[in-house]
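# Understanding the architecture of this molecule
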Number of protein chains: 4
Amino acid sequence: MIIINERSPLPIYEQIVQQMKEAILKGVLQGGEKLPSVRELSANLLVNPNTVSKAYQELERHGVIETLRGKGTFVSRHPVPRMEQERLEQFQNSLRQLAIEAFYLGIDAEQFKQWVDEYMKELGREKHA
Amino acid sequence: MIIINERSPLPIYEQIVQQMKEAILKGVLQGGEKLPSVRELSANLLVNPNTVSKAYQELERHGVIETLRGKGTFVSRHPVPRMEQERLEQFQNSLRQLAIEAFYLGIDAEQFKQWVDEYMKELGREKHA
Amino acid sequence: MIIINERSPLPIYEQIVQQMKEAILKGVLQGGEKLPSVRELSANLLVNPNTVSKAYQELERHGVIETLRGKGTFVSRHPVPRMEQERLEQFQNSLRQLAIEAFYLGIDAEQFKQWVDEYMKELGREKHA
Amino acid sequence: MIIINERSPLPIYEQIVQQMKEAILKGVLQGGEKLPSVRELSANLLVNPNTVSKAYQELERHGVIETLRGKGTFVSRHPVPRMEQERLEQFQNSLRQLAIEAFYLGIDAEQFKQWVDEYMKELGREKHA
DNA sequence: GTGGTCTAGACCACT
DNA sequence: GTGGTCTAGACCACG
C-alpha cells in the first residue's frame, strides 16, 4: 500500500519510487510479481497517470522493475544495481550530511548505528520468508 | 572555506547551510565568532546575495547562528536544537531511505555502521582540540 | 530457432523479422523452404498469433518471404530488395546515429570497422556452405 | 539548428537528443556553451515545453549536458560516458542488425566501412577547430 | 488491455 | 529568468 503525502517536499513520483523499493525489499512485492498498471495505480492513488508512469520509468532505470511489452510491469527477479558508482557517491554524501545533522540533534554514534541495525533488519526480515 | 557546486541537485543555499554546520562542528568556526556579512560572502562565493541570505535565515531557524541587530551575524555559543521533534523525524526518514538504498547497492549493515563511525569521528575530532 | 526477449524495447514482431532474416542469410533457412504456419510458430514462441502474422507481413513486404495462397509461406528463392530507396536512407540514418553514439562511447573508426567486418563475415560464412 | 520531423517514428524528444548530440560532436555547440532555455527552444521548434524538457533530462542522464541551478542548461565540458556497459551492448546489437540489413540491401563490407569512415570524419572534423 | 508520447496550461523552488 | 513537477486529456503502437 502506497501512501502519498501531498505536503511533502519530495515529488510524488519519488514517493512512489521509494515506497515501491521498500515494499519490494520487505517482500510485500515478490520478484516476478505483476505491479498494478499505470492507470490502475493512478486511480488508486488519485494522482495523474503520467506521474505514476514517471515513477515506473525511474524504477526501471534503476533495474528494480521490468516492463514486458503489452503485458504490464513486473518486479525484477534478479535486480542488478545500475549506475552503481554515481549512486554510491550519492549514498556517502547523504550519509555524511546525516552525520552532521545527528551531531546537532545530539544523536551519538551508538544511537545512530542502533537505528541502522534496526532499519536494515526491518528490510531483510521478510525477504527470505 | 565554502565550496559551491553549481551542478549539484542540492540547492546552493542548502550547500552553504550544510558546510557552515560542518565548519562549526569541526571547530573551524568557533562559538561567538563573527560570520562574514551577506554581501561579503556572496561576493566571495560568486552567488546571489539572496541565496546567502536564505542560508543565514535557515541557519538561524536551526539555532546555529544568531543575528545581533546592527552588529552582524555570529556563531551561537550554546546551540540548542530547535524544532527537535520535526527534525528528528526527518532524520529518521532520511536514514530509512538510506537503508533502502544501501540494500540495493549491496551495502551491508556492518559496512554502513563503519561509515557512520568514520564520519562521526571526522566531525568530533577537531572540535575538542 | 527464434528467441523472444520480452524485456527488449524492440517489438516482438520486429524480433521475429530480424531473426528470420538472419536465419535466412546464414542458410539455416534455405530459399524455397516452407516456413511454419502462423499458428504453429505462435504456439511455438508463446506469442500472440497476431504478432507472428505482423512479422510475416513485414517480411513479405521486404521481399524476403512469399505467401502462396492455400499452400503456405516460403522463403523467397531470389530475394530482390524492395523499397530500396527508402530502406537505404533508413540504413544510412541508422549508421549516422551509430557513429554519433560511437563517439560518445569512445569507439574509434578502426574498432567500428573491425566489428563491421566481424558481423558481416558471420552472416556470409554458412551461406555458401 | 534542430529540425523536427513529425512523421518520423522516432519520438520528438529523441530527435532533439540525437540532433543535440550531433551538434555538440560537430562543434556547433561548444563545451560550456549555454543551450537555449526549455521555453525558448520549445517556442522555436513549435513543440511543447515538456517535450524539450524530457530531451534535456535524457541528455543530462547521458552526461552530455549539465543544468546549473537557476542559470540554465550548458554543454558539458568533459563528457564522461555513463551506463557504458549497457550502451555498449545496445551499440553492438544495433550494429549487428545493420549488418543484416546491409546484406539484404546488397551493401558489402567495403561500402559499409567506407560510410563508417565518412560519418566518423564528419563528426570529428570541426571539433578540434 | 498495456505502456509511451505529446499537448496545453498551471504552479513551484531556486537564483 | 531558469528548470522541475503535476494535471487533464488525447492519441498511438503493441500484444
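None of the values given here were measured: they were computed from a predicted structure. (Residues numbered from 1 in each chain as written. Chains lettered and ligands numbered in written order. Predicted model: local features only at pLDDT ≥ 70, side-chain atom pairs only at ≥ 80, totals over all residues. Heavy atoms only, no water.)

## So, the overall build of chain A
Helix and strand counts for chain A stand at 5 helices and 2 strands. For chain A, the sequential pattern of α-helices and β-strands runs α-α-α-β-β-α-α. In terms of overall dimensions, chain A has C-alpha extents of about 50 × 35 × 30 Å along its principal axes. Considering only contacts within chain A whose residues lie at least 6 apart along the sequence, 47% involve residues at least 24 apart. On chain A, roughly 7,300 Å² of surface is accessible, and the fraction owed to carbon and sulfur atoms is 49%. Distance between charge centroids for chain A: 7 Å, based on 17 positive and 18 negative side chains. (Helix = DSSP H or I, 4+ residues; strand = E, 2+ residues; numbered from the N terminus. Contact = heavy atoms within 4.5 Å. Areas by Shrake-Rupley, 256 points an atom, 1.4 Å probe, with all protein chains shown as cover. Lys, Arg positive; Asp, Glu negative; His and termini not counted. Charge placed at Lys NZ, Arg CZ, Asp CG, Glu CD.)

## Points about the interface of chain A and chain B
Listed per partner, the contact involves 37 residues of chain A and 37 residues of chain B. Across the chain A-chain B interface, the total number found is 6 salt bridges. One salt bridge in this structure joins Glu101 of chain A and Lys21 of chain B, with 3.1 Å as the shortest N-O distance. On inspection of chain A and its partner chain B, the count reaches 10 residue pairs in polar contact (both at pLDDT 80 or more). Broken down by secondary-structure element, the contributors of at least two residues to the side of chain A that touches chain B are α1 (12-25), α4 (84-104) and α5 (109-125) of chain A. Looking at the side of chain A that touches chain B residue by residue, the class counts come to 22 nonpolar, 5 polar and 10 charged. (Salt bridge = Lys/Arg side-chain N within 4 Å of Asp/Glu carboxyl O. Polar contact = N/O pair within 3.5 Å; in protein donor to acceptor, adjacent residues only side chain to side chain. Nonpolar A, V, L, I, M, F, W, Y, C, P; charged D, E, K, R; others polar.)

## Digging into the interface of chain C and chain A
Taken residue by residue, the interface counts 7 residues in chain C and 5 residues in chain A. Taking both partners together, chain C and chain A bury about 540 Å²; carbon and sulfur atoms supply 42% of that area. Across the pair Glu66 of chain A and Arg7 of chain C runs a salt bridge whose closest N-O atoms are separated by 2.8 Å. Split by residue class, the side of chain C that touches chain A holds 4 nonpolar, 1 polar and 2 charged. (Buried area = accessible area lost by both parts, 1.4 Å probe.)

## Section: the nonpolar core
Core analysis: the biggest nonpolar cluster contains 73 residues, and Phe112 of chain A together with Phe112 of chain B have the highest contact counts within it. Those residues in contact with Phe112 of chain B, other than ones at most four positions away along the chain, are Phe91, Leu95, Val116 and Met120 of chain A together with Leu95, Leu98, Ala99, Ala102 and Ile107 of chain B. (Core = buried A, V, L, I, M, F, W, Y, C linked by side-chain atoms within 4.5 Å. Buried < 20%, exposed > 50% of the residue type's maximum accessible area, 1.4 Å probe, protein only.)

## Focus on the relation of the copies chain A and chain B
Taken as rigid bodies, chain A and chain B are interconverted by a rotation of 178° and an axial shift of 0.2 Å, the fit giving an RMSD of 0.4 Å. The relationship between the two copies is best expressed as a two-fold rotation axis. The position closest to the rotation axis in chain A is occupied by the C-alpha of Lys113 of chain A, lying 2.8 Å away. Both copies present the same face, since 100% of the interface residues in chain A are matched by interface residues at the equivalent positions in chain B. (Least-squares fit on C-alpha atoms with pLDDT ≥ 70 in both.)

## Digging into the protein's contact with DNA strand F
Around DNA strand F sit 24 residues, and of these Ile12, Asn48, Asn50 and Thr51 of chain A together with Ile12 of chain C come closest. Each atom of DNA strand F within 4 Å of the protein was assigned to sugar, phosphate or base; sugar and phosphate come to 69%. Within the side chain of Ser37 of chain D, one N or O atom sits 3.2 Å away from a phosphate oxygen of DNA strand F. At a separation of 3.3 Å, a base nitrogen of DNA strand F approaches a polar side-chain atom of Asn50 of chain D. (Near = heavy atom within 4 Å.)

## So, the UniProt feature "domain: HTH gntR-type" (unreviewed entry) in chain A
Mapped onto the present numbering, the UniProt feature "domain: HTH gntR-type" (unreviewed entry) falls on residues 10-78 of chain A. Between the end C-alpha atoms of residues 10-78 of chain A there is a gap of 28 Å, over a span that is 51% helix and 12% strand. (UniProt positions renumbered as here; feature names shortened; annotations may be inferred.)

## Structural notes on the protein's contact with DNA strand E
Close to DNA strand E lie 25 residues, the nearest being Ile12 of chain B together with Ile12, Asn48, Asn50 and Thr51 of chain D. Protein-adjacent atoms of DNA strand E, using a 4 Å cutoff, are sugar or phosphate at a proportion of 68%. Measuring from a phosphate oxygen of DNA strand E, one finds a backbone N or O atom of Ile12 of chain B at 2.7 Å. Within the contact set of DNA strand E, a phosphate oxygen lies 2.8 Å away from a side-chain nitrogen or oxygen of Lys54 of chain B. Every element with two or more residues in the surface near DNA strand E is listed here: α2 (38-45), α3 (49-61) and β2 (72-75) of chain A, α1 (12-25) and α3 (49-61) of chain B together with α1 (12-25) and α3 (49-61) of chain D. Considering only residue class, the surface near DNA strand E consists of 8 nonpolar, 13 polar and 4 charged.

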